[in-house]
Amino acid sequence: MKMRKLIPILLVFAIILSVAACSGSNSGSQKNGKPVLRVGMECGYAPYNWAQPDDSNDAVPIKGSNDYAYGYDVMIAKFLAEKLGYELEIHKIDWDSLPVAVQAGTVDCVIAGQSITAERLETVDFTTPYYYASIVVLTMKDSKYANAKGVSDLAGATCTSQLNTVWYDVCLPQIPDADIQPAQETAPTMLVALNSGKVDLVVTDAPTAMAAVMVYPDMKILDFTGTEDNFEVSEEEINIGISVKKGNKELLDKLNAALAELTVEDFERMMNEAISVQPLSE
């Protein structure tokens, strides 16, 4: 994780630690006679996860809120909790604070579309991948970049992406002479920046882009996969995993054992279902 400012992050960490000290750890707590699996996510990153006002599609209540969480990450969390015999508890946490929350023990794990990068592995442990997300470009259908066939065709574009992602930190700098704007806090604000004309394009992953074009039909996906002029990223940067506190091997092994029962086809089926029922607006 790349930190924007040291002081705000330290303040967040201090607050989380103080809350944990006052309330005590939830680890080992019981609900309906079962141990509780506390899962952190943004609840604002469709189709991976989002908040909604009701429990349609068997959405899960967000702790401390009147809203419910659903999406691909929630589907995975529900599967894991059921398979392991846990009661699921969803915690809504800002993207930038998710690593801090799992390190501090505020949540047991984070299921939030996180890439398994070497940088993140310095502070948390990751499961085996629960999705493999190719990287694509979103632009408007009437954009001068709409017919781009590769990264070099995006030269000079005004662009942005979400904060602390491989899309922003690794991919955007590969666009020749790119006019890179400040990173956006969330995926929805990234899409609003594109739709409003503030930028020519954004870089994201395929599921996010597929969900976006359902909400914004004037957007177009540019996928350079399989060409010689694609973004250069490592496998670790497109593999999506579940993060747990460093050294929590017991939970890590349990999650990996459960994930091993799912196939790539299962992952794709659930993702397609999440995309089909995502909210129509953010």
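Residues numbered from 1 in each chain as written. Predicted model: local features only at pLDDT ≥ 70, side-chain atom pairs only at ≥ 80, totals over all residues. Heavy atoms only, no water.

Chemist: For this particular structure, what's the right way to read the sheet that holds strand S4 (residues 49-52)?
Modeler: Backbone-to-backbone hydrogen bonds pair the strands of a sheet. The strands run either parallel or antiparallel. An order of S3-S4-S6-S5 is seen for the 4 strands of this open sheet, with the pairing classed as antiparallel. Each edge of the open sheet is held by one strand with a lone partner, namely strand S3 (44-45) and strand S5 (60-61). Packed onto the sheet, helix H2 (residues 72-84) meets S4, S5 and strand S6 (68-70) and runs at close to 95° relative to S6. (Pairing = 2+ DSSP bridges. Helix = DSSP H or I, 4+ residues; strand = E, 2+ residues; numbered from the N terminus. Contact = heavy atoms within 4.5 Å. Axes fitted to C-alpha atoms, helices over the stretch in contact; angles between N-to-C directions.)

Chemist: Whenever I open this one, the packing of H2 against helix H10 (residues 264-277) confuses me. Can you help?
Modeler: Helices that pack against each other are described as a pair by the angle of their axes relative to one another and the distance between those axes. Packing of H2 against H10 brings their axes to within 8 Å, and their N-to-C directions diverge by 130°. With respect to H10, the element H2 is oriented oblique. For H2 against H10, the interelement crossing comes out right-handed. Here H2 contributes Tyr72, Met75 and Ile76 to the contact with H10, which in turn contributes Phe267, Met270, Met271, Glu273 and Ala274. Considered class by class, the residues forming the contact of H2 with H10 number 7 nonpolar, no polar and 1 charged. (Parallel < 35°, antiparallel > 145°, perpendicular 65-115°, else oblique. Left-handed = near helix turned anticlockwise from the far one by under 90°. Nonpolar A, V, L, I, M, F, W, Y, C, P; charged D, E, K, R; others polar.)

Chemist: Any chance you could explain the pattern of salt bridges here in plain terms?
Modeler: Opposite charge on two side chains allows them to pair when their charged atoms are near. A complete count under the given rule lists 6 salt bridges for this structure. Close ionic contact of Lys246 with Asp125 constitutes a salt bridge, the shortest N to O distance being 3.2 Å. One end of the pair, Lys246, is in the loop between strand S16 (239-245) and helix H9 (249-259); the other, Asp125, is in strand S9 (residues 124-126), with 121 residues separating them in the sequence. Two residues, Arg269 and Asp266, come together in a salt bridge whose shortest N-O distance is 3.6 Å. With Arg269 and Asp266 both in helix H10 and 3 residues apart, the pair spans about one turn of that helix. The class for Arg269 is partly exposed, based on a relative accessible area of 47%. According to the relative accessible area criterion, Asp266 is buried, its value standing at 19%. (Salt bridge = Lys/Arg side-chain N within 4 Å of Asp/Glu carboxyl O. Buried < 20%, exposed > 50% of the residue type's maximum accessible area, 1.4 Å probe, protein only.)

Chemist: Just to check I follow, could you spell out the packing of H2 against H9 for this structure?
Modeler: Packing of H2 against H9 leaves a shortest axis separation of 10 Å and a crossing angle of 105°. By the criterion of interaxial angle, the relationship of H2 to H9 is roughly perpendicular. For the pair H2 and H9, the contacting residues are Ile76, Phe79, Leu80, Lys83 and Leu84 in the first and Lys254, Leu255, Ala258 and Leu259 in the second.

Chemist: What's the story with the side chain of Gln162 in this structure? I'm lost.
Modeler: Following the sequence through the fold, Gln162 ends up in the loop between strand S12 (158-160) and helix H5 (166-171). On the accessibility criterion, Gln162 (0% relative accessible area) is buried. Polar contacts involving the side chain of Gln162 include one to the side chain of Glu42, which spans 3.4 Å. With sequence-adjacent residues up to four places away left out, Gln162 is seen in contact with Glu42, Tyr45, Trp95, Trp167, Tyr168, Ala183, Gln184, Glu185, Thr186, Ala187 and Met190. (Polar contact = N/O pair within 3.5 Å; in protein donor to acceptor, adjacent residues only side chain to side chain.)

Chemist: What is the right way to look at H9 in this model?
Modeler: Along an α-helix, residues three or four positions apart point the same way, because every turn accommodates 3.6 residues. Residues of H9 that are buried: Leu251, Leu252, Leu255, Asn256, Ala258 and Leu259. Viewed along the axis of H9, the buried residues span an arc of 165°, placing them on a single side of the element. More than 90 degrees from the buried face of H9, the exposed residues found are Lys249 and Glu250. (Arc of directions from axis to C-beta.)

Chemist: Looking at this structure, how should I read the nonpolar core?
Modeler: Among the nonpolar cores identified, the biggest contains 88 residues, and Tyr72, Ile76 and Leu154 are the most heavily contacted of them. Residues in contact with Leu154, not counting those within four places in the same chain, are Val137, Tyr145, Ala148, Ile175, Leu201, Leu222, Phe224 and Phe231. (Core = buried A, V, L, I, M, F, W, Y, C linked by side-chain atoms within 4.5 Å.)

Chemist: Just to check I follow, could you spell out the packing of aromatic side chains for this structure?
Modeler: A ring pair, where both rings are aromatic, is described by two values, the distance of the centres and the angle of the planes. The tally for this structure, following the rule as stated, stands at 9 aromatic pairs. Centre to centre, the rings of Tyr48 and Tyr72 are 6.3 Å apart; their planes meet at 80°, and the pair counts as edge-to-face. Of this pair, Tyr48 sits in the loop between S3 and S4 while Tyr72 is found in helix H2, placing the two residues 24 residues apart along the sequence. The two residues Tyr48 and Tyr72 agree in class, both being buried. Ring centres of Tyr48 and Tyr131 lie 6.5 Å apart, and the angle between their planes is 85°; on these two criteria the pair is classed as edge-to-face. Of this pair, Tyr48 sits in the loop between S3 and S4 while Tyr131 sits in strand S10 (residues 131-132), and the two are 83 residues apart along the sequence. Residue classification places Tyr131 among the buried positions, given a relative accessible area of 6%. Members of the aromatic cluster, connected to one another through ring pairs, are Tyr45, Tyr48, Tyr72, Trp95, Tyr130, Tyr131 and Trp167. (Phe/Tyr/Trp six-rings, centres within 6.5 Å; stacked < 30°, edge-to-face > 60°.)

Chemist: Would you explain the pairing of strand S2 (residues 34-41) in this entry?
Modeler: Put simply, side chains in a regular strand alternate between the two faces of the sheet. With respect to burial, S2 is a largely interior element, 6 of its 8 residues being buried. Relative to S2, strand S1 (residues 30-31) is paired through 2 bridges, and the arrangement is antiparallel. If you follow Lys31 over to S2, its bridge partner there is Lys34. Linkage of S1 to S2, two consecutive antiparallel strands, is achieved through a turn of 2 residues, within which Asn32 is found at a positive phi near 55°. When S2 meets strand S7 (residues 87-92), the two strands line up parallel, connected through 6 bridges.

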